[in-house]
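Single-letter residue listing:
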Amino acid sequence: AQSVTQLGSHVSVSEGALVLLRCNYSSSVPPYLFWYVQYPNQGLQLLLKYTTGATLVKGINGFEAEFKKSETSFHLTKPSAHMSDAAEYFCAVSSGAGSYQLTFGKGTKLSVIP
Amino acid sequence: DTAVSQTPKYLVTQMGNDKSIKCEQNLGHDTMYWYKQDSKKFLKIMFSYNNKELIINETVPNRFSPKSPDKAHLNLHINSLELGDSAVYFCASSQGGSATLYNEQFFGPGTRLTVL
């Protein structure tokens, strides 16, 4: 079984400030990890993913995340928040190659204050 | 150009009615999914089909019935709609299978269902 915990259902940052969205996972097998973003009234869009290899992964729109196995974490960061980053962010875990099951966290709403 | 499309985008209906939501993907994927997103934004998988075969069937009322006429389509039919069915329903697709490296899912824009 696998699960995802996103700490903080709502995070507010000032424009230009660091964005840090936390994600911890539980998985009995080496996980594949994903961050998705959902803009208001839209579907989910993949931001970045970790499968194997380099533990620091870069995604679209300046976001990146680091897989830390010892901490079972996959936190999402962006050095400088932009107003357009305001959205709902979802962390998700898959149990690896061939798996169809993607388990999502409950989401974190990011607000950016001008 | 739309990768995963859903129709309709909005659906408003009365309790007790039967309705369908259609989903089509042009990515050549062999696996499709239906998710329900509740008012708190929580995403829960409902069903998944791989090559027209049902592979994930979570605990969902049997009023919900998915149908996959071919690999590119996965429709969701809901009988006897209830107030609690009001939600946003997302369709997604991926290339799944034992030879696949990862299960990146591509999502449709969602269908907002409101049951009155």
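Look above for the structure.
Residues numbered from 1 in each chain as written. Chains lettered and ligands numbered in written order. Predicted model: local features only at pLDDT ≥ 70, side-chain atom pairs only at ≥ 80, totals over all residues. Heavy atoms only, no water.

Student: Can you walk me through the environment of Y32 of chain A in this structure?
Tutor: All names here are of chain A. In this fold, Y32 is placed in strand 4 (residues 32–38). For Y32, a relative accessible area of 10% gives the class buried. Along the primary structure Y32 and D85 are separated by 53 residues, whereas in three dimensions their C-alpha atoms are 24 Å apart. (Helix = DSSP H or I, 4+ residues; strand = E, 2+ residues; numbered from the N terminus. Buried < 20%, exposed > 50% of the residue type's maximum accessible area, 1.4 Å probe, protein only.)

Student: Looking at this structure, I do not really get the sheet that holds strand 7 (residues 64–70) of chain B. What am I missing?
Tutor: What links the strands of a sheet is backbone hydrogen bonding, and the strands pair in either a parallel or an antiparallel sense. Residue and element names in this part refer to chain B. The strand order 1-3-8-7 describes an open sheet built from four strands, whose pairing is antiparallel. Across the chains shown, the open sheet's two edge strands, defined by having one partner strand only, are strand 1 (4–7) and strand 7. Between one strand axis and the next, the sheet turns through 20° on average, direction left out of account. Two elements, strand 7 and strand 8 (residues 73–78), share five bridges in a ladder whose sense is antiparallel. Paired with D70 across the two strands is H73, which belongs to strand 8. (Pairing = 2+ DSSP bridges. Axes fitted to C-alpha atoms, helices over the stretch in contact; angles between N-to-C directions.)

Student: Even after reading the chapter, I still don't get the state of the cysteines, so can you show me in this structure?
Tutor: The term disulfide refers to a covalent linkage connecting the sulfur atoms of a pair of cysteines. This structure, assessed with the given rule, holds two disulfides over all chains. There is a disulfide in this structure between C23 of chain A and C91 of chain A, and the S-S distance comes to 1.9 Å. Between C23 of chain A and C91 of chain A, the S-S dihedral sits near -65°, and the bridge is therefore left-handed. Of this pair, C23 of chain A sits in strand 3 (residues 19–26) while C91 of chain A sits in strand 9 (residues 87–94), placing them 68 residues apart in sequence. By the burial criterion, C23 of chain A is buried, and C91 of chain A matches it. A sulfur-sulfur separation of 1.8 Å characterises the disulfide bridge that pairs C23 of chain B with C91 of chain B. Handedness here is read from the sign of the S-S torsion; for C23 of chain B and C91 of chain B, about -75°, the answer is left-handed. In this pair, C23 of chain B is assigned in strand 3 (residues 19–25) and C91 of chain B in strand 9 (residues 87–94), connecting sequence segments 68 residues apart. (Disulfide = S-S within 2.5 Å.)

Student: I keep staring at the environment of L20 of chain A and nothing clicks. Help me out?
Tutor: Residue and element names in this part refer to chain A. Examined against the element boundaries, L20 turns out to sit in strand 3. We classify L20 as partly exposed; its relative accessible area is 32%. Taking the C-alpha atoms as reference, L20 lies 8.7 Å from P79; in sequence the two are 59 residues apart. Beyond its immediate chain neighbours, meaning those up to four positions away, L20 contacts H75, L76 and T77. (Contact = heavy atoms within 4.5 Å.)

Student: Help me understand the nonpolar core in this model?
Tutor: Nonpolar side chains in soluble globular proteins generally cluster together in the buried interior. Residues W35, L48, F74, L76 and Y89 of chain A are the most contacted members of the largest nonpolar core, which totals 27 residues. Judged by nonpolar contacts, the second largest core, of 20 residues, contains V4, C23, M46 and Y49 of chain B. (Core = buried A, V, L, I, M, F, W, Y, C linked by side-chain atoms within 4.5 Å.)

Student: Honestly, the sheet that holds strand 1 (residues 3–7) of chain A in this entry has me stumped. Any pointers?
Tutor: Residues and elements named next belong to chain A. Strand order in the open sheet formed by five strands is 1-3-8-7-6, and the pairing between neighbours is antiparallel. The open sheet has two edge strands with one neighbour each: strand 1 and strand 6 (56–58). Across this sheet, the average inter-strand angle for adjacent strands is 20°, counted without regard to direction. Of the pairings in the sheet, the one linking strand 6 to strand 7 (residues 64–68) comprises three bridges and is antiparallel in character. Within the sheet, the bridge partner assigned to L56 lies in strand 7 and is E66.

Student: Would you mind going over unusual backbone geometry with me for this structure?
Tutor: Residue and element names in this part refer to chain B. The amide bond that connects T7 to the next residue, P8, takes the cis arrangement and shows omega of -5°. Even without being glycine, K41 reaches a positive phi, approximately 75°. Looking at the element boundaries, K41 is found in the loop between strand 4 (31–37) and strand 5 (43–50). Positive phi is not limited to glycine here, since S80 has a value of about 45°.

Honestly, that's just the spatial picture; any functional story needs more than this.
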